[in-house]
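Architecture and fold: a report
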Amino acid sequence: MTLYTQKDKNIRKTYLLIFGFLVFIIALGWYFSFVLNSGIILYIAVIFSVAMSFISYWYSDKIVLKMSGAREITKKDSPEIYRIVENLSITAGLPAPKIYIIEDIAMNAFATGRDYKHSVVAVTTGLLKVLDKNELEGVIAHELSHIGNRDTLVSTLVVVLVGFVALLSDFFIRMQIFGIGGRNKEGGGQAQIILMIIGILFAILSPIVAMIIQLSISRKREFLADASGALLTRYPEGLASALHKISKDNHKIKRVSKSTAHLFFSDPIHGLQNKKKISWFGKLFMTHPLAEERIKALLNNEK
């Protein structure tokens, strides 16, 4: 898979995510309007699904930045990182993204934004302090590759849409706690039982769905971004060295959740641990490949 085919695939995946979310919420609204004999529920579901899809597309990047505690900086704040981003953006043929800083000693970074003109690269203060110029260029080139591949659009949308699935789960549970719904004269008890079952199913399945969606983004995109980043800098050793240093970092980012973990350069929850520390089953649920696998791929590609 090349950078260009990945870009087209991610654009199609974005439309499928939004369309699937619209259909799911509207279908759910229709079902409950039928069970509870209340047409207003269907109208609410349509309005809600359209509004959430709009928010996901246009504001998901801002939501993610807020969740991460990132703040925008100017060229005066950090001229070195600005020069690196601007030079690599020119090489990649991309508009220079805005730069955000996360005040955290952990070494990590992520890119977000719905398109090239609204892209953002965020890095932690820990990353800036520890990595040298070549290593930092490797990480930034990796993140710019995500922007070029349009990975950022899909990845950021997933954060918001998965969050809404979790909210729906909580909504159904609360309906049961407060005894809302199922009060129509015909089959009220049956409707109440159906609501209870669906609420329980949502509570059980929502985290599983969230994990499946995150994993569907695929660990392959990290290998592709590594390879594309190495082409930008023409120095894969820099990125490989950065991966090695980050894999030794025991600090974990404070403001992170399972819904945003897949956005980062390295897994902010599990880290880039050594293979011996993780079982084969554990690897199935990781959002990122292991550091040694990424380093091996980089250095082998060079040869």
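Our subject in this report is the structure included herewith.

Scoring rules and cut-offs
Residues numbered from 1 in each chain as written. Predicted model: local features only at pLDDT ≥ 70, side-chain atom pairs only at ≥ 80, totals over all residues. Heavy atoms only, no water. Salt bridge = Lys/Arg side-chain N within 4 Å of Asp/Glu carboxyl O. Helix = DSSP H or I, 4+ residues; strand = E, 2+ residues; numbered from the N terminus. Buried < 20%, exposed > 50% of the residue type's maximum accessible area, 1.4 Å probe, protein only. Pairing = 2+ DSSP bridges. Core = buried A, V, L, I, M, F, W, Y, C linked by side-chain atoms within 4.5 Å. Contact = heavy atoms within 4.5 Å. Expected span 1.5 Å × (residues − 1). Arc of directions from axis to C-beta.

**Remarks on the pattern of salt bridges**
- What the rule picks out here adds up to six salt bridges.
- Its salt-bridge partner being Lys 245, residue Glu 135 comes within 3.0 Å of it at the nearest N-O pair. Here the residue Glu 135 occupies a position in helix H5 (residues 133-149), and Lys 245 occupies one in helix H9 (residues 236-247), the gap between them amounting to 110 residues.
- Among the ionic pairs, Glu 222 bridges to Arg 221, the shortest N-O distance being 3.3 Å. A single burial state applies to Glu 222 and to Arg 221, both of which are buried.
- A single salt-bridge network, built from bridges that share partners, covers Arg 221, Glu 222, Asp 226 and Arg 294.

**Here we look at the pairing of strand S4 (residues 120-124)**
- With respect to burial, S4 is a largely interior element, five of its five residues being buried.
- Side-chain alternation along S4 places Val 120, Ala 122 and Thr 124 on one buried face and Val 121 and Val 123 on a second face that is also buried.
- Bridge count for strand S3 (residues 109-112) against S4 is four bridges, and the pairing is antiparallel. Among the inter-strand pairings, Ala 109 is bridged to a residue of S4, identified as Val 123.

**Looking at the nonpolar core**
- Of all hydrophobic cores here, the largest spans 32 residues; its most connected members are Ile 81, Leu 127 and Ile 140.
- Mapped onto this core, the elements with two or more residues apiece are helix H3 (79-92), strand S2 (98-102), S3, S4, H5, helix H8 (220-233), H9 and helix H11 (291-302).
- Of the residues forming this core, the biggest block, six residues, is contributed by H5.
- When near neighbours in sequence (up to four residues on either side) are disregarded, Leu 127 contacts Ala 106, Met 107, Asn 108, Ala 109, Leu 136, Val 139 and Ile 246.
- Formed by 13 residues, the second largest nonpolar core is a distinct cluster that contains Val 64, Ile 102, Phe 110 and Ile 253.

**Comments concerning H3**
- Taking 1.5 Å per residue as the helical rise, H3 with its 14 residues ought to reach 20 Å, and the 20 Å between its terminal C-alpha atoms agrees with that figure.
- Among the residues of H3, Ile 81, Tyr 82, Ile 84, Val 85, Leu 88 and Ser 89 are the ones counted as buried. The arc enclosing the buried residues of H3, seen along the axis, measures out at 160 degrees, which places them on a common side. Within H3, the exposed residues directed more than 90 degrees away from the buried face are Ile 90 and Thr 91.
- Each element contacted by the buried residues of H3 is listed here: S2, helix H4 (125-130), H5 and H8.
- Once H3 finishes, Gly 93 follows within two positions and takes phi at roughly 75 degrees, a positive value.

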